[in-house]
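Observations on the three-dimensional arrangement
Spelled out from the first residue to the last, the chains are:
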Amino acid sequence: MKAVMTVLLLVHQMVLVLHIFLGIVWMGGVLFIGWGIYPAARVLAFNQQRLFFLSLIKWVHWVFTIAGCGVILTGSLLGIVFGPIRSWETLVNTTYGNQWLAAFTIGLFTLFWGVFIGYRRAVTTFSNRLLWEQADQGNRRPLRRALLSIVALEMVEVSGFVAIIFLMVLL
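Residues numbered from 1 in each chain as written. Predicted model: local features only at pLDDT ≥ 70, side-chain atom pairs only at ≥ 80, totals over all residues. Heavy atoms only, no water.

1. Examining the nonpolar core
Core analysis: the biggest nonpolar cluster contains 32 residues, and Trp26, Phe126, Trp132 and Leu143 have the highest contact counts within it. Looking at this core, the elements with two or more residues in it are helix 1 (2-41), helix 2 (46-81), helix 4 (95-127), helix 5 (129-136) and helix 6 (141-170). Counting residues per element, this core draws most heavily on helix 2, which supplies 10 residues. When neighbours within four sequence positions are excluded, tryptophan 26 is seen to be in contact with Phe64, Ala67, Gly68, Val71, Gly107, Thr110, Leu111, Glu157 and Phe161. (Core = buried A, V, L, I, M, F, W, Y, C linked by side-chain atoms within 4.5 Å. Buried < 20%, exposed > 50% of the residue type's maximum accessible area, 1.4 Å probe, protein only. Helix = DSSP H or I, 4+ residues; strand = E, 2+ residues; numbered from the N terminus. Contact = heavy atoms within 4.5 Å.)

Put into structure tokens, the structure is as follows:
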């Protein structure tokens, strides 16, 4: 019996490490692109920026989607298989259950928002050659508006990350 408990504890720790790692990849990656890569790439010519960001967003989209799915899956395992959630009553009638359910719901919403809203807007903006050509010719206003709309949409995702981290600290 002691050996089984030791194995379960080890598996729990491995799932927890994977959960944290995937969270860092997903959340940290999105934040690093917005706050690190985007400002640094602004020194490139407009067409180079467009091509760079289009290829970057298409490549990282799948990495972030897989990482986000992994975070939600491992979080579910940590709450249900390795945690105290064994019934609907525990989920809705305990503080842990309520916080876990809120984190799960926000995580799903954040993932779907990034996959279906933020990503699509970014690809549309980075694929629109006219916006970037106009900016290159001196008319930067339409491009600024389009990029600002991406920032606004991504703030929803960032807000989801902040809410999830806040809930995880409470758990």
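We are not done yet, so read on.
2. So, the packing of helix 4 against helix 6
Orientation of helix 4 relative to helix 6, taken along the N-to-C sense of each, is 160°, at an axis distance of 9 Å. Regarding the angle of helix 4 to helix 6, the classification is roughly antiparallel. As for the relative orientation of helix 4 and helix 6, their crossing is left-handed in sense. Within the contact of helix 4 with helix 6, the residues separate by chemical class into 19 nonpolar, 8 polar and 3 charged. (Axes fitted to C-alpha atoms, helices over the stretch in contact; angles between N-to-C directions. Parallel < 35°, antiparallel > 145°, perpendicular 65-115°, else oblique. Left-handed = near helix turned anticlockwise from the far one by under 90°. Nonpolar A, V, L, I, M, F, W, Y, C, P; charged D, E, K, R; others polar.)

3. Overview of helix 5
Listed as buried for helix 5 are Leu131, Trp132 and Ala135. Looking straight down helix 5, one finds its buried side chains confined to an arc of 90°; they lie on one side. Exposed residues on helix 5 whose side chains face more than 90 degrees from its buried face are Arg129, Leu130 and Asp136. Residues of helix 5 that are buried sit in contact with helix 2, helix 4 and helix 6. For helix 5, the N-terminal cap is asparagine 128; the gap from its side-chain oxygen to the backbone nitrogen of leucine 130 is 3.1 Å. Count one or two residues on from helix 5 and you reach glycine 138, which has phi positive near 110°. (Arc of directions from axis to C-beta. Polar contact = N/O pair within 3.5 Å; in protein donor to acceptor, adjacent residues only side chain to side chain.)

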